[in-house]
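Residue-level listing of the chains:
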Amino acid sequence: MENNNTITILPNTCYIMSGPPCSGKSTFLKSLIEQGADPAAIVCPDTIREHILGAKPFVDDNGIGKSLYGWYYESDTVFEIVKATIKARLSQGLQVFVDATSLNDSARKLYAELFSSFNTPFQVL
């Protein structure tokens, strides 16, 4: 019997994660790292935003969390770094996993155009 929950990650293919917040995108990518994927292949705008601007810790009914700074003020800077990172990896023939919400085609357009400009096949997961 075939397992429909299996995803085959193809070599020389890049991936755009797509799903609402807390839907398992980052968790899935962490499992790939545990299986030997290169952690540097994961390009995450939220991680870049946090590295640049930091995060404010908070406590609520779900426990301890963090809220990223700069949601409205630094998006251009963050996405320039995202683009530069993706271009650098693609120019070296390296795989990329974009870890962002990317819920619709317009949100995925930036990544799709970058992959296409390097003639790199990609899939949306």
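Structure's up top.
Because the structure is a prediction, the values reported are computed rather than measured.

Visitor: Outline the environment of Met17, listing residues and values.
Guide: Looking at the element boundaries, Met17 is found in the loop between β1 (14-16) and α1 (25-34). Among the residues examined, Met17 registers a relative accessible area of 4% and is labelled buried. Taking the C-alpha atoms as reference points, Met17 and Ala100, separated by 83 residues in sequence, lie 6.2 Å from one another. The contacts of Met17, once residues within four sequence positions are left out, are Lys25, Phe28, Leu29, Val98, Asp99, Ala100, Thr101, Ser102 and Leu125.

Visitor: Lay out the layout of surface pockets with the relevant residues and their values.
Guide: As a volume, the largest pocket reaches approximately 910 Å³. Contributing elements (two or more residues each) for the lining of the largest pocket: α1, α2 (45-53), β4 (63-68) and α4 (105-117). It is α2 that provides the largest number of residues to the lining of the largest pocket, a total of five residues. Broken down by class, the residue content of the lining of the largest pocket amounts to 10 nonpolar, eight polar and seven charged.

Visitor: Outline the packing of helix α3 (residues 75-91) against α4, supporting the account with residue identities and numerical values.
Guide: In helix packing, the relevant descriptors are the interaxial angle and the interaxial distance, both defined with respect to the helix axes. Relative orientation of the contacting elements α3 and α4 amounts to 25°, with a least axis distance of 10 Å. Between α3 and α4, the angle is such that the two are roughly parallel. In the crossing of α3 with α4, the sense of the turn from one axis to the other is right-handed. Residues Phe79, Val82, Lys83, Ile86, Lys87 and Leu90 of α3 pack against Leu110, Tyr111, Leu114 and Phe115 of α4. Here the contact of α3 with α4 is composed, by residue class, of eight nonpolar, no polar and two charged.

Visitor: Which residues make up the side chain of Arg89, and what are the values?
Guide: Residue position: Arg89 is located in helix α3. Only 3.5 Å separates the side chain of Arg89 from the backbone oxygen of Ala40, close enough to count as a polar contact. Setting aside chain neighbours within four positions, we find Arg89 in contact with Asp38, Ala40, Ala41, Leu94, Gln95 and Val96.

About the cut-offs
Residues numbered from 1 in each chain as written. Predicted model: local features only at pLDDT ≥ 70, side-chain atom pairs only at ≥ 80, totals over all residues. Heavy atoms only, no water. Helix = DSSP H or I, 4+ residues; strand = E, 2+ residues; numbered from the N terminus. Buried < 20%, exposed > 50% of the residue type's maximum accessible area, 1.4 Å probe, protein only. Contact = heavy atoms within 4.5 Å. 1 Å grid on protein atoms, 1.4 Å probe; cavity = no way out; pocket = protein on both sides within 12 Å on 5 of 7 lines; lining within 4 Å. Points joined across faces, edges and corners; volume = space filled by probe spheres on them. Nonpolar A, V, L, I, M, F, W, Y, C, P; charged D, E, K, R; others polar. Axes fitted to C-alpha atoms, helices over the stretch in contact; angles between N-to-C directions. Parallel < 35°, antiparallel > 145°, perpendicular 65-115°, else oblique. Left-handed = near helix turned anticlockwise from the far one by under 90°. Polar contact = N/O pair within 3.5 Å; in protein donor to acceptor, adjacent residues only side chain to side chain.

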